[in-house]
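Working through the structure, step by step
Here is what each chain is made of, one letter per residue.
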Amino acid sequence: MDTKNTPLARVMELFMTLLGERQSQEQLEPIVPAVPPEELLDKLPLGLPEQGLSFDEVAARLRSVIEATPSTAPGRFYNQLFGGREPYALLGDVLATAMNNSMYTFKVAGPQVLLENELIERMGKLMGYRRHEGTFTPGGSLSNLCAMLLARDSVCPDFREQGMDGRKLRVYTSADSHYSVPKAAAMLGVGRSNVVRIPVDGRGRMLVSALASAIDKDVAAGHVPLMVNATAGTTVLGAFDPITGLADVCERRKVWLHLDGAFGGTMIFDERFAEHFEGSERVDSITWDAHKLMGVPLSCSVLLVRERGLLKASLDEAAGYLFQSDDDQWNPGTRSIQCGRRNDALKLWTNWLHHGTVGYRARTERLRDLALLAAECVRESPGMTLVKEPESLTVCFTVDGVSAESLCDALQDAGLAMVGHAKVEGSSVVRLALVDPGTQKEQVRCFFEDVRYVMRRRAIA
Ligand SMILES: Cc1ncc(COP(=O)(O)O)c(C=O)c1O
């Protein structure tokens, strides 16, 4: 077959051209200027046509939209907990999209199901699990939702059939945990007001004694404790809740313990973090986002469950038109919150083949070293204050005389960096997230020079 002159070949050539242009733009202008949405609506040709457009017209429209899209790849993006562009991960993602297998049955996904299982098996083993199961979800928020669903059904086995039935359920999570926890509680009928926020220590880690007292007080008042959500890598400080202490509390009281490792799960590769994962084999479920630190494009999240059979017990539905093999072991759809499901496994598998476990270990060590370097840069810079020693890969700091918000805006307006701000103990801080595997030491030093440059410019203005 002549594959060179097909419409697909032409489009793939356009793909490479547009990606090449994007990379050139990233070199020249790593931070795409922020343009308000109203202006973009006026400027960009976003309208949908009645008649289909020609190849060149489609290309022109795509080009104008891509040029205006914020860049998350070129090493100056420190704004969120994902970033970078890795060739093998992209290859796996594009192939998965091109093959378009839905991951609900072996019948339509074949070996893709098997390699997904291999990832679940390996990731669970890294966490210390032995006879576990898992499912890929479209992100950490949904992995957390799914974990809370399993917790709900394990504590209240009739909930799935009977619904709420007047129970006073409670979920416990640290004051610093992710917003997906109350969101899930709202969606699952637990209610946001039944999410108890447990205070943290000076390093942002959940206080075990406060958790134990909160649960005991609630039980005495007739509440049913459903789940404790521990975090491995909190969103702002990157802190790790003490798993062993929390597991002691939960096992004694028969409460489901979930570990939200959406951000920090990947740090399992770095032996310096081994103590933070001590006891991970005791938690009931674990969220682990590969799209955050494992260099694969959004989205790619895994929920690992310590005991086999629970996903099916909570998520299986009869669907004779779909699940037609007797052996549901090979039909992941019986264990998923979705029906049709994108293949998020191939990109992670491909990238893992390329880097190997050794490569991932080196990456986490390097990223941690970059965070330590950034902390050092803050300490050495007059007028900058390190808010806390970095717990993992985020570095929070303030700058004298400039609010975190205006500093972040100034860096972006000057085309120097995209970085975000957050609240720590009620005060606004700059949160520098060192998660892009392509980031070099020199770029971290350069970031702080840019901060100093922006401060000087403000002082003169
Ligand atoms: C600790 C934590 N949990 C969950 C999430 C949600 O992950 P996702 O964006 O994949 O839904 C995040 C996102 O940053 C996070 O930091």
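Structure: above.
Within every chain, residues take consecutive numbers counted from 1 along the sequence as written. Only residues with pLDDT of 70 or above have their local features reported here, since the model is predicted, and side-chain atom pairs are shown and tallied only from 80 upward, although totals for entire chains, interfaces and linings are computed over all residues. Values shown for side chains rest on all heavy atoms present in the structure; no hydrogens or waters enter the calculation.

Take the buried Ala, Val, Leu, Ile, Met, Phe, Trp, Tyr and Cys residues and link them wherever side-chain atoms come within 4.5 Å; each set so joined is a nonpolar core. Throughout this description, buried means an accessible area under 20% of the type-specific maximum (1.4 Å probe, protein chains only), exposed means over 50%, and partly exposed covers the range between. If you look at the biggest cluster of nonpolar residues, it comprises 85 residues, and the most contacted ones within it are Leu348, Phe397, Leu432, Phe447 and Phe448. By the criteria applied, helices consist of DSSP H or I runs no shorter than four residues and strands consist of E runs no shorter than two, each listed in order from the N terminus. Among the elements that take part in this core, helix α14 (residues 345-380) stands out by supplying 13 residues, more than any other. What counts as a domain boundary in this text is fixed by an automatic or database domain assignment. When residues of this core are assigned to domains, at least three map to each of domain 2 (91-350) and domain 3 (358-460). Residues Phe159, Val171, Ala184 and Trp256 belong to the second largest nonpolar core, which totals 24 residues.

Attention now goes to the packing of helix α1 (residues 7-28) against helix α3 (residues 55-68). At a minimum axis separation of 11 Å, α1 and α3 run at an interaxial angle of 25°. Between α1 and α3, the angle is such that the two are roughly parallel. Where α1 crosses over α3, the handedness of that crossing is right-handed. Facing Arg10, Val11, Leu14, Thr17, Leu18, Glu21, Arg22 and Gln25 of α1, the residues of α3 in contact are Phe55, Ala59, Leu62, Arg63, Ile66 and Glu67. Split into classes, the residues belonging to the contact of α1 with α3 amount to seven nonpolar, two polar and five charged. Helix axes are fitted to C-alpha atoms over the stretch in contact, other axes to C-alpha atoms as well, and angles between N-to-C directions run from 0 to 180 degrees. The labels follow the angle: roughly parallel below 35 degrees, roughly antiparallel above 145, roughly perpendicular from 65 to 115, and oblique for the rest. Here a crossing is called left-handed whenever its near helix is offset anticlockwise from the far helix by less than a right angle, and right-handed whenever the offset is clockwise. Every residue pair with non-hydrogen atoms within 4.5 Å of one another is taken to be in contact. Note on residue categories: nonpolar means Ala, Val, Leu, Ile, Met, Phe, Trp, Tyr, Cys or Pro, charged means Asp, Glu, Lys or Arg, and polar means any other residue, Gly included.

Side-chain rings of Phe, Tyr and Trp, where Trp is taken by its six-membered ring, are said to pair if the distance between their centres is within 6.5 Å; with planes under 30 degrees apart they count as stacked, over 60 as edge-to-face, and otherwise as tilted. In the structure shown here, the tally under the stated rule is 11 aromatic pairs. Where phenylalanine 397 meets phenylalanine 447, the ring centres are 6.4 Å apart and the plane angle is 80°; that geometry is what we call edge-to-face. Within this pair, whereas phenylalanine 397 is found in strand β10 (residues 394-399), its partner phenylalanine 447 is found in helix α16 (residues 441-460), the two being separated by 50 residues in sequence. Like phenylalanine 447, phenylalanine 397 is buried. Put simply, the rings of Tyr78, Phe397, Phe447 and Phe448 pair up and form one aromatic cluster. Note on geometry: a ring has a charge over it if NZ (lysine) or CZ (arginine) is within 6 Å of the ring centre and within 35 degrees of the ring normal. Its end group placed over the ring of phenylalanine 55, arginine 10 keeps NZ or CZ at 3.9 Å from the ring centre.

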